[in-house]
Amino acid sequence: MARPALKTLTAGAREAKDELIRLCTSGRLKDAVRHPFRDVLWSDVSLFAHVFRACRAVPLLRQLHAFAATLGAAADRFTTNNLLLAYADLGDLPTARDLFDRIPKRNVMSWNILIGGYIKNGDLGSARTLFDEMPARNVATWNAMVAGLTNAGLDEDSLHFFLAMRREGLHPDEFGLGSVFRCCAGLADVVSGRQVHAYVVRCGMDTDMCVGNSLAHMYMRCGCLAQGEAVLQALPSLTVVSFNTTIAGRTQHGDSEGALEYFSMMRGVGIAADVVTFVSVITSCSDLAALAQGQQVHAQVIKAGVDKVVPVITSLVHMYSRCGCLGDSERVYSGYGGLDLFLLSAMISACGFHGQGHKAVELFKQMMNRGANPNEVTFLALLYACSHSGLKDQGLEFFELMTKTYGLQPSVKHYTCIVDLLGRSGCLDEAEALILSMPVRADGIIWKTLLSACKTQKNFDMAERIAERVIEFDPQDSAPYVLLSNIRATSKRWGDVSELRKNMREKKVRKEPGVSWVELKGQVHQFCTGDKSHPRQGEIIEYLEEMMSKIRQCGYAPDMTMVFHDMEDEEKEVSLTHHSEKLAIAFALLSLPEGVPIRVMKNLRVCDDCHVAIKLISQVTGREIVVRDVSRFHHFRDGKCSCGDYW
């Protein structure tokens, strides 16, 4: 009779033990430490390891620590290591270190746990000190240091640790290899990445999903798209991480169409997109100014339930802005009730890009009243908005607020905005003095900004001098040559124009051809001067000539200085008429219904002649025409442009 009773008792204890572990695993810690489970803990102190791992608050952990100590559980190294891990995970590093120092027989796991705790809490110095003091290390130790340094952006140190690990004869696992590939990606060091790739192949780990995705990411970040995709194709299956790697790689290297193709393929094979996917895809739509596709992706974002995630909202604000739909950007932004600095900066930038500087300033003031703490990115967006709206006094006040009140160090981009502000108001000498006195090194863009201001303010002598500085930075950049040629042509210095063109030929500098495009029913139509490949080319030219005739009656006169070639005036006028943005607008007028805004994108700045012509076209047609060039948006309505004729 006694023997069956003993079996029943043992079975009951086993069930109680299993139930306690289940409660801990599911996060129901309070239920796990209540009666009758306390008796189970009394009988098997090793179960405290599960209790410690389930704890999510330091005060409760200390109570459990004291309870375990009274039962003698602290003498068990396995249990103590789990207690150490719990303190480290909860960020109580002083207590964790004190516990570590009191462990009589520490093993490698004890050291690794504390090192991991320091790394997780950003104390790489203490982690490195502990690493150097270790009597023996294993693969997990090295992995922790490599991953920690990589995550902290210390990619060179991370790579050195990995090489030292190999010199000690240790073989990294998939996690260590994943970290070192991310490190090579951060350094854009494809040479080291290929060497590690060769090691991976020798070890037979090239088909591991974690390693393969990290390896492909490294190749993508280094611009080796084909090699990255080849790595992914060799994997046993494709996951959302695999597709994200390809889509992000193509987006970051300018192949936005390819990114969208992979997104379609991803949906076709039934893999659900996540936040990372949507951010990359929306960015591709933004780069292409593909509004229809962007709207479709927005609908999928809502369906996936990630329309309140800040990175996605920020991408949507940027996308709608880049597609010329500032109102949609504002609607997306207003749908987020929280306070996020990156989202705020994106919305301020969108307003500035569309010449709505006053809206940008108002947004900034509203967010400041809500307790926002602006950073360099916020101020850059704000100064950009002020410079593109001619808000000189406010822009200078914000620059002083940034430097003196918030103590932020301006970059050359911040100074470029101030130079643009001063240039717009005719303070060219002051702008040049600022460039020469600023504590950061000037680049070609800031001098190019001043050169453009010289042209607008018709200070041709200064323009000649500034152009030389711009050309010094990049002798192959055609922009300063074109600006200088137009300046000389405006002064009818035809001999100097010819000399400049000769200089360009000798240096083999080529003017980048202007390309404009329009989206119609999800398809992008591209136009370039001299290209006659569009199926409706004849119809477009005929309509454009009719339109040019109408605006001549309103006072339009071709600006021959915008033509950069030796030709007769009649040929120059034809060349001007066939500029890519005029062709794109003519196509849009032919194709879009009445009342629908026309949105044209261009890879270069809109030339002076086209700017005048488009203003008049908006007047005679009564249509809103939105043109995005390389620097900003132009909203043409009723013969006027939002840029105030300065761009």
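Predicted, not measured: the structure shown is a model, and the values here were computed from it. (Residues numbered from 1 in each chain as written. Predicted model: local features only at pLDDT ≥ 70, side-chain atom pairs only at ≥ 80, totals over all residues. Heavy atoms only, no water.)

1. A word on the nonpolar core
- By size, the foremost hydrophobic cluster in this structure holds 94 residues, and its most contacted members are Ile446 and Leu450.
- Looking at which element gives the most residues to this core, the answer is helix α22 (residues 341-353), with 8 residues.
- The next biggest cluster of nonpolar side chains, apart from the first, holds 65 residues, and it includes Phe48, Val51, Trp142 and Val200. (Core = buried A, V, L, I, M, F, W, Y, C linked by side-chain atoms within 4.5 Å. Buried < 20%, exposed > 50% of the residue type's maximum accessible area, 1.4 Å probe, protein only. Helix = DSSP H or I, 4+ residues; strand = E, 2+ residues; numbered from the N terminus.)

2. Notes on the side chain of His534
- Mapped onto the elements of the fold, His534 is located in the loop between β2 (523-528) and α32 (537-552).
- Given the relative accessible area of 10%, His534 is considered buried.
- Excluding anything up to four places from it in sequence, His534 contacts His525, Phe527, Ile540 and Phe587. (Contact = heavy atoms within 4.5 Å.)

3. Structural notes on the UniProt feature "repeat: PPR" (unreviewed entry) in the protein
- According to UniProt, the "repeat: PPR" (unreviewed entry) feature falls on residues 107-141 and 340-374.
- When the span residues 107-141 is considered, its composition is 74% helix and 0% strand, and the gap between its end C-alpha atoms is 12 Å. (UniProt positions renumbered as here; feature names shortened; annotations may be inferred.)

4. Quick notes on the side chain of Ser321
- Tracing the sequence through the fold places Ser321 in helix α20 (residues 310-322).
- Exposure remark for Ser321: the relative accessible area of 3% places this residue in the buried category.
- Sequence-distant contacts of Ser321, defined by excluding residues within four places in its chain, comprise Ser329, Ala350, Phe353, His354 and Phe633.

5. Here's the deal with the packing of helix α12 (residues 174-187) against helix α14 (residues 209-221)
- The geometry of α12 relative to α14 is characterised by a closest axis approach of 8 Å and an angle of 5° between their N-to-C directions. In terms of orientation, α12 and α14 fall into the roughly parallel class. In this structure, α12 uses Glu174, Leu177, Gly178, Phe181, Arg182, Cys184, Ala185 and Gly186 to contact α14, whose residues at the interface are Cys210, Val211, Ser214, Leu215, His217, Met218 and Arg221.
- Residue composition of the contact of α12 with α14, by class: 8 nonpolar, 4 polar and 3 charged. (Axes fitted to C-alpha atoms, helices over the stretch in contact; angles between N-to-C directions. Parallel < 35°, antiparallel > 145°, perpendicular 65-115°, else oblique. Nonpolar A, V, L, I, M, F, W, Y, C, P; charged D, E, K, R; others polar.)

6. Concerning the pairing of strand β1 (residues 515-520)
- Where burial is concerned, most of β1 is hidden: 6 out of the 6 residues are buried.
- Alternating positions in β1 separate into two faces, Val515, Trp517 and Glu519 on one and Ser516, Val518 and Leu520 on the other, with burial throughout.
- The pairing of β1 with β2 spans 6 bridges and is classified as antiparallel. Bridged to Val515 within β2 is Cys528.
- In sequence, β1 turns back onto β2 through a hairpin of 2 residues, with Lys521 there showing a positive phi of about 55°.
- Note: β1 against strand β3 (residues 598-602), 2 bridges, orientation antiparallel. The residue bridging Trp517 from the neighbouring strand is Met601, located in β3. (Pairing = 2+ DSSP bridges.)

7. Let's talk about the confidence of the model for the protein
- Chain-level pLDDT for the protein is 88 on average; 94% of the residues reach the 70-or-more range.
- Within the model, the stretch residues 1-9 combines pLDDT values under 50 with 0 contacts to residues more than four positions away or in other chains. (pLDDT = per-residue confidence, 0-100.)

8. Quick look at the pairing of β3
- For β3, a buried count of 4 out of 5 residues is recorded, marking the element as mostly surrounded by other parts of the structure.
- Note that β3 and strand β4 (residues 625-628) share 4 bridges and pair parallel. Bridge pairing links Ile598 to Ile625 in β4.
- Running through helix α35 (residues 608-621), the crossover from β3 to the neighbouring parallel element β4 is right-handed. (Right-handed = clockwise from strand over helix to strand, strands pointing away.)

9. Describing unusual backbone geometry
- Of note, Ala188 is a non-glycine position whose phi angle comes to about 55°, a positive value.
- Along the chain, Ala188 turns up in the loop between α12 and α13 (190-203).
- Of note in this structure, Ala289 is not a glycine but carries a positive phi near 55°.
- Among the structural elements, Ala289 can be located in the loop between α18 (275-288) and α19 (291-304).

10. Observations regarding the environment of Phe100
- Counting through the fold element by element, Phe100 comes out in helix α7 (residues 93-101).
- Here the alpha-carbon distance between Phe100 and Leu83, two residues 17 residues apart in the chain, equals 9.9 Å.
- In contact with Phe100, other than residues within four places in its own chain, are Leu84, Arg106, Ser110, Trp111, Leu114 and Leu130.

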